[in-house]
Amino acid sequence: NVLMVGPGAGLREFSFENVVSEAGGQSDVYDGSVRRLVVDFVNGSNGCVLAYGQTGSGKTHTMFGPDAVSGAVRDPHPERSGIVPRACAEVMRALEAKRAMGTTVSLRASYVEVYGDAVTDLLGDGAAVGMWQGVAHRALFSGMCSVPVQGAAELEELLLRADAAKRRAATMMNERSSRAHSVLLLSLQQTRADTGAEVGSTMCFADLGGSEQVFKSDVAEMHTREAGFLQKETRMQEAVNINLGLFSLKVCIAALVEKRYVPYQNSRLTMMLSSALGGNCRTCVVVTGSSEKKHAVETMQSMRFGETCSLVTNAASRDNMAAVTRALRAIDEEIGRVEAAIVAKETWETVRTVRKDELHQEGEATCGQEVVVTSKLVGAEAEREHLELLLSRRRVLTGDDIRAVQWRVCCAGVVHGSVSLHVARAP
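A.B. asks: Help me get a handle on a nonpolar patch on the surface, residues and values and all.
C.D. replies: Residues L3, V5 and L11 make up a contiguous nonpolar surface patch of roughly 340 Å² in combined accessible area. Along the polypeptide, L3 turns up in strand β1 (residues 2-6).

A.B. asks: Break down the nonpolar core for me, citing the residues and quoting the values.
C.D. replies: In terms of nonpolar packing, the biggest core is built from 38 residues, with V49, I83, L107, L186 and F205 touching the most fellow members. Elements supplying a minimum of two residues to this core: α1 (26-42), β3 (47-53), α3 (83-100), β4 (104-115), α5 (152-164), β10 (181-191), β11 (198-207) and β14 (282-288). Broken down by element, the residue count for this core peaks at eight residues, all from α3. If near-sequence neighbours (up to four positions away) are discounted, I83 is found in contact with V29, Y30, V34, V49, T62, M63, F64, F205 and V286. Within the second largest apolar cluster, 31 residues are counted, among which are L50, V129, M271 and C309.

A.B. asks: I'd like to hear about the pattern of salt bridges, residue by residue, with values.
C.D. replies: With the rule as written, the count across this model stands at 13 salt bridges. Linking R99 and E96 is a salt bridge whose minimum nitrogen-to-oxygen distance equals 3.1 Å. One end of the pair, R99, and the other, E96, are both in helix α3, three residues apart, so they sit about a helical turn from each other. Linking E258 and R260 is a salt bridge whose minimum nitrogen-to-oxygen distance equals 2.5 Å. The class of R260 is partly exposed, set by a relative accessible area of 41%. Each of the salt bridges in this network shares a partner with another, and the network as a whole consists of D31, R35 and E90.

A.B. asks: Outline unusual backbone geometry, supporting the account with residue identities and numerical values.
C.D. replies: The backbone of K259 sits at a positive phi, close to 55°, despite the residue not being glycine. Assignment of secondary structure puts K259 in the loop between α7 (234-257) and α8 (268-272).

A.B. asks: Can you lay out the pairing of strand β5 (residues 118-121) for me, pointing to particular residues and giving the numbers?
C.D. replies: Covered by surrounding structure in β5 are V119 and D121 only, the residues A118 and T120 on the alternate face being uncovered. The pairing of β4 with β5 spans four bridges and is classified as antiparallel. What sits directly across from E113, in β5, is T120. Where β5 folds back on strand β6 (residues 127-128), the antiparallel hairpin that results is connected by five residues, among which D125 adopts a positive phi of roughly 60°.

A.B. asks: Go over the packing of aromatic side chains with me, naming the residues and quoting the values.
C.D. replies: Counted by the stated rule, this structure contains two aromatic pairs. Residues F14 and F16 carry aromatic rings whose centres are separated by 6.4 Å and whose planes lie at 15° to one another, so their mutual orientation is stacked. For F16, a relative accessible area of 25% translates into the label partly exposed. Measuring from centroid to centroid gives 4.0 Å for Y52 and F305, while their planes differ by 20°, and the two rings are stacked. One end of the pair, Y52, is in strand β3; the other, F305, is in helix α10 (residues 296-309), with 253 residues separating them in the sequence. Look at Y52 and you get buried, because its relative accessible area is 2%.

A.B. asks: Go over the side chain of S267, please, and point to the residues and values.
C.D. replies: Relative to the helices and strands, S267 resides in the loop between α7 and α8. The class of S267 is buried, set by a relative accessible area of 8%. A polar contact of 3.0 Å, which involves the side chain of S267, links it to the side chain of T270.

A.B. asks: Provide a residue-level description of the state of the cysteines, including the pertinent values.
C.D. replies: Taken as a whole and judged by the stated rule, the model has zero disulfides. Unpaired in this structure, C204 has its nearest cysteine sulfur neighbour in C48, at a distance of 4.0 Å.

A.B. asks: I'd like a description of the packing of α1 against α3, backed by residues and values.
C.D. replies: Packed helix pairs are characterised by how far apart their axes lie and by the angle those axes make with each other. At their nearest, the axes of α1 and α3 sit 10 Å apart, and the two run at 40° to each other. The two elements α1 and α3 cross, and the hand of that crossing is right-handed. On α3, the residues touching Q26, S27, V29, Y30, V34, R35, V38, F41 and V42 of α1 are I83, R86, A87, E90, V91, A94 and K98. Considering only residue class, the contact of α1 with α3 consists of 10 nonpolar, two polar and four charged.

A.B. asks: Please provide a residue-by-residue account of the pairing of strand β2 (residues 10-14), values included.
C.D. replies: Taken together, the five bridges between β1 and β2 define a ladder with antiparallel strand orientation. Paired with V5 across the bridge in β2 is L11. Between β1 and β2, which follow one another and run antiparallel, lie three residues, and G8 among them has a positive phi close to 80°.

About the thresholds
All chains use their own residue numbering, which begins from 1 and follows the written sequence. With the structure being a predicted model, the display of local features is reserved for residues of pLDDT at least 70 and the display and counting of side-chain atom pairs for 80 or more, all residues being used for whole-chain, interface and lining totals. As a rule here, side-chain values cover all heavy atoms of the structure and leave hydrogens and water aside. Patch rule: a residue counts if its relative accessible area is over 30% and it has no salt bridge; like charges are joined within 9 Å, and nonpolar side chains (Val, Leu, Ile, Met, Phe, Trp, Tyr) within 5 Å. Only the protein chains shown count as covering a residue, and every accessible area follows the Shrake-Rupley method with a 1.4 Å probe. By definition here, a salt bridge exists when the distance from a side-chain nitrogen of Lys or Arg to a carboxyl oxygen of Asp or Glu is within 4 Å. Here a strand is any run of E in DSSP of at least two residues, a helix any run of H or I of at least four, and the numbering for each starts at the N terminus. Residues enter a nonpolar core if they are buried and are Ala, Val, Leu, Ile, Met, Phe, Trp, Tyr or Cys, with the set joined through side-chain atoms within 4.5 Å. Buried, partly exposed and exposed residues are distinguished by accessible area as a fraction of the type maximum, computed with a 1.4 Å probe on protein chains only: under 20%, between the cut-offs, and over 50%, respectively. We call two residues contacting when some pair of their heavy atoms lies within 4.5 Å. Strands were regarded as paired on the criterion that DSSP finds at least two bridges between them. In summary, the pairing rule links any two rings of Phe, Tyr or Trp, Trp by its six-membered ring, whose centres are within 6.5 Å, and it sorts them by plane angle into stacked for under 30 degrees, edge-to-face for over 60 and tilted for everything else. In protein, a polar contact means a hydrogen-donor-capable atom and an acceptor-capable atom, both N or O and within 3.5 Å, with residues adjacent in sequence counting only if both atoms are side-chain atoms; elsewhere, any N or O pair within 3.5 Å suffices. Cysteine sulfur atoms are paired as a disulfide whenever they fall within 2.5 Å. Here, axes are lines fitted to C-alpha atoms. For helices the fit covers the stretch in contact, and angles between N-to-C directions go from 0 to 180 degrees. For any helix crossing, the convention is left-handed if the near helix is rotated counterclockwise from the far helix by under a right angle, and right-handed if that rotation is clockwise. Amino acids outside the nonpolar list (Ala, Val, Leu, Ile, Met, Phe, Trp, Tyr, Cys, Pro) and the charged list (Asp, Glu, Lys, Arg) are all regarded as polar, and Gly is one of them.

Put into structure tokens, the structure is as follows:
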């Protein structure tokens, strides 16, 4: 719980799933709120981490850490690294373990910056992503602006390159203030070797620009004169764009709580976060606040935003059942093709074998031998071996008892006929 006193609000208590005080560290935030989302992401569920707060309250520090360790994926600093490098390092370790178990994995990364109505690709030299409403959102989540990631070193290089391309500027509240919203998206595709089942998941990290009052950040006073006219500086326009996006986000959160129409299309930011806010996704909102008295109003607003977010509930479901259904359909189609090949190739072959007659009695004319006549199917041994492999994969997916599968095979007809055995005494 957080207990605070704010102007015009008096004593106010807020309840959250996890609270980290000023004495807490970066690991407390990650272990207490984010790690479970990362584990779910590796296991096939969608996740999102959303950082919200006033300018200078520590959003970017919490998400990435200081500049020196903001992209340290291969060796995250145990105390200073933020959520993103820790999560990326854990994902890469988990994927290496999955590869060792035979699972095929494919990881891709997208990193964009939202500035007003403009969305730029931080991994693509600042190229524009989508020129009208909705296109940027589809481009991001369909992988049009993503790059493949093979290892931790490559992901670390991508994070550092994107960090260098971000909009930053000094204001009265923060020496290196983020002047736009940034969204990092990891897309993971996995295929199991034993069953062929495919599972896809996404993990989104959104570092929102800071909500701020322009008179506090002093951007309203940043202006120049040009041709005799007063011109507003870029810092003022940046503050307006940030606040408009955050206002649209608050409207969408309120609509989700009230179960009414959600106007995601009001801004590019809410379009980007629509899947995380109202889709099949588990989202963690990290709210940062300042304990200084002069920032009490902004901190109170941030706490209220976090409290409202906690009221949003989505009926999220994992896509595993759909993946299993697709895998079963593919296996059944392959079984049908193999069965047809067996029917076309197999023939019955009769084999006569002479062996000792264990029941021979003295005086019989069989000379102590008997002839065993067996019939068996031949000509499609490789196809039958492949069929057994397919049936084994199917049993793993469905959990069927092996006897039920054998019954299904026997009912398929002569293709799965058993060997017939005839025994005759030799004359």
